[in-house]
Amino acid sequence: MKILLSNDDGVDASGILAAKQVADEFGETFVVAPSKQQSGIGHALTLVEPIRVNEVNLRDGDIGYGVTGTPTDAVTIGIYEIMDDWPDLVISGINTGRNTGKGELSTSGTIGAATEAASLGIPTIAVSQHTPDDNIKFDEGHIEIDFSSSQKVLRELIQKVIDNGFPEGVDILNLNVPANPDSYEPKICPLATRMYEPVVEMRIDPRGRPYYWIDGVFYEGNPKDSDDYVLLEENLPTLTPLILDMAHDLDALKEWYGK
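These numbers come from a predicted model, not from an experiment.

Overview of helix H4 (residues 109–119)
Phase 1 of the analysis: For H4, the tally of buried residues reaches 10 of 11 residues, placing the bulk of the element in the interior.
Phase 2 of the analysis: Gly-109, Thr-110, Ile-111, Gly-112, Ala-113, Ala-114, Thr-115, Glu-116, Ala-117 and Ala-118 are the residues of H4 that are buried.
Phase 3 of the analysis: Buried residues belonging to H4 abut helix H2 (71–82), strand E5 (89–96), helix H3 (102–105), strand E6 (124–129), strand E7 (172–177) and strand E11 (238–242).
Phase 4 of the analysis: Looking at the residues trailing H4, positive phi occurs at Gly-121, about 85°.

Next up, the structure:
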């Protein structure tokens, strides 16, 4: 079994090494990820500047590949250039910080990497671990985080994929895990509305010109059965099936358009 691992936190991130430790138990692994932090870049693709790939000595002694581009670039180069054969499974993560809800899912680089792999028909798992400390989510490189909870749930999920095949009609399995869950059995959940309520802060630079920071506060209106609510309030891992087809009811649109 060939497994490609990528992320949006960078090739040196602790989370991708934690995911690799699990994936190594199931087959041959390849780590191809952005050279630096790419959180919030979504499914962006680099088209107007060159992309470089550098071999990286991973902390477990293996070789990985750092890509000077986006998570989508990394997955594309991993599949089409680094690997001799297409992967049987792609894992994006383990991301530092959760990826839940509809609002931020399209901006997540973790989901962006997963989306690119899934668009090629490759079974794909996106995995993220919630961190109560938002200050470490966007740090560069190696951060000391205990990913053992996510590793345990991810290990069992990979085994289910091997035993049962990927679920029919699903493109991405989106797994989110609390740092210390009350149970390791993931709860299958729909997407919440969003993780954060956007906050825009204007500041003034030393030359008197305005600039802006986009931040957010926790969104509090999520349904009780949704992934963000279950993760935060019930302290349980969540598993959500994602599909790439964003087209809706064609007949309903034809009826509306014909009025």
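Side note on the sheet that holds E5
Phase 1 of the analysis: Taken in spatial order, the 9 strands make up an open sheet running E3-E4-E2-E1-E5-E6-E7-E11-E8, and their pairing is mixed. Each edge of the open sheet carries a strand with a single partner, namely strand E3 (53–57) and strand E8 (187–188).
Phase 2 of the analysis: Across 2 bridges, the pairing between E8 and E11 is parallel. Among the inter-strand pairings, Ile-188 is bridged to a residue of E11, identified as Leu-239.
Phase 3 of the analysis: Contacts from H2 reach strand E1 (2–6), strand E2 (28–34), E3 and strand E4 (63–67) within the one sheet, and its direction differs from that of E2 by about 140°.

Considering the nonpolar core
Phase 1 of the analysis: If you look at the biggest cluster of nonpolar residues, it comprises 29 residues, and the most contacted ones within it are Leu-5, Ile-91, Ile-125, Leu-154, Ile-158 and Leu-175.
Phase 2 of the analysis: Counting residues per element, the ones that place at least two in this core are E1, helix H1 (14–23), E2, E5, E6, helix H5 (148–164) and E7.
Phase 3 of the analysis: Excluding residues that lie within four positions of it along the chain, Ile-91 makes contacts with Ile-3, Leu-4, Leu-5, Ser-6, Ala-19, Ala-23, Ile-125, Val-127, Leu-154 and Ile-158.
Phase 4 of the analysis: With 13 residues, the next largest nonpolar core counts Val-32, Ala-74, Ala-117 and Ile-122 among its residues.

Description of the packing of aromatic side chains
Phase 1 of the analysis: By the definition in use, this model includes 3 aromatic pairs.
Phase 2 of the analysis: Considering the side-chain rings of Tyr-196 and Phe-218, the 5.6 Å spacing of their centres and the 15° angle between planes classify their relative orientation as stacked. Pair noted here: Tyr-196 is in strand E9 (residues 196–204) and Phe-218 is in strand E10 (residues 210–218), with a separation of 22 residues, a long-range link.
Phase 3 of the analysis: Residue class for Tyr-196 comes out buried when judged on its relative accessible area of 14%.

Some points on the packing of H1 against H5
Phase 1 of the analysis: Put simply, H1 and H5 touch, their axes get as near as 10 Å, and they point 40° apart. Classed by the angle they form, the pair H1 and H5 counts as oblique. Here H1 runs over H5; the crossing is right-handed. Contacts between H1 and H5 pair Ala-18, Ala-19, Gln-21 and Val-22 from the former with Gln-151, Leu-154, Arg-155 and Ile-158 from the latter.
Phase 2 of the analysis: Taken together, the residues that form the contact of H1 with H5 break down as 5 nonpolar, 2 polar and 1 charged.

Describing the pattern of salt bridges
A side chain of one charge can pair with a side chain of the opposite charge when the charged atoms of the two come close.
Phase 1 of the analysis: One pass over the full model with this rule turns up 11 salt bridges.
Phase 2 of the analysis: The residue Glu-25 makes a salt bridge to Arg-155 at a minimum N-O spacing of 2.9 Å. Of this pair, Glu-25 sits in the loop between H1 and E2 while Arg-155 sits in helix H5, and the two are 130 residues apart along the sequence.
Phase 3 of the analysis: Residue Arg-155 is classed as partly exposed on the basis of its relative accessible area of 29%.
Phase 4 of the analysis: Through salt bridges with shared partners, a single ionic network connects Lys-20, Asp-24, Asp-60 and Asp-62.

The rules we used
For every chain, the first residue of the written sequence is number 1, and numbering continues from 1 onward in sequence order. At least 70 in pLDDT is required for a residue's local features to be given in this predicted model, at least 80 for side-chain atom pairs to be given and counted, and no such filter applies to totals for whole chains, interfaces and linings, which use all residues. Note that water and hydrogens are dropped before the side-chain values are worked out from all heavy atoms of the structure. Only protein chains enter the accessibility calculation, which uses a 1.4 Å probe; a residue whose area is less than 20% of its type maximum is buried, one above 50% is exposed, and one in between is partly exposed. For helices the rule is a DSSP run of H or I covering at least 4 residues; for strands it is a run of E covering at least 2, with both sets numbered from the N terminus onward. Contacts were defined at the residue level, with two residues in contact if any of their heavy atoms lie within 4.5 Å. Criterion used throughout: strands pair if DSSP finds at least two bridges between them. To define axes, lines are fitted to C-alpha atoms, for helices over the stretch in contact only, and angles between the resulting N-to-C directions are given on a 0 to 180 degree scale. Residues grouped as a nonpolar core are buried Ala, Val, Leu, Ile, Met, Phe, Trp, Tyr and Cys residues, joined through side-chain atoms within 4.5 Å. We call Phe, Tyr and Trp rings a pair once their centres come within 6.5 Å, taking the six-membered ring for Trp, and we label the pair stacked below 30 degrees between planes, edge-to-face above 60, and tilted otherwise. Angular relationships are summarised with four words: roughly parallel below 35 degrees, roughly antiparallel beyond 145, roughly perpendicular across 65 to 115, and oblique for the angles in between. Less than a right angle of anticlockwise turn of the near helix away from the far helix marks a crossing as left-handed, whereas a clockwise turn marks it as right-handed. Gly falls in the polar group here, along with every residue not listed as nonpolar (Ala, Val, Leu, Ile, Met, Phe, Trp, Tyr, Cys, Pro) or charged (Asp, Glu, Lys, Arg). The rule for a salt bridge is simple: a side-chain nitrogen of Lys or Arg has to be within 4 Å of a carboxyl oxygen of Asp or Glu.

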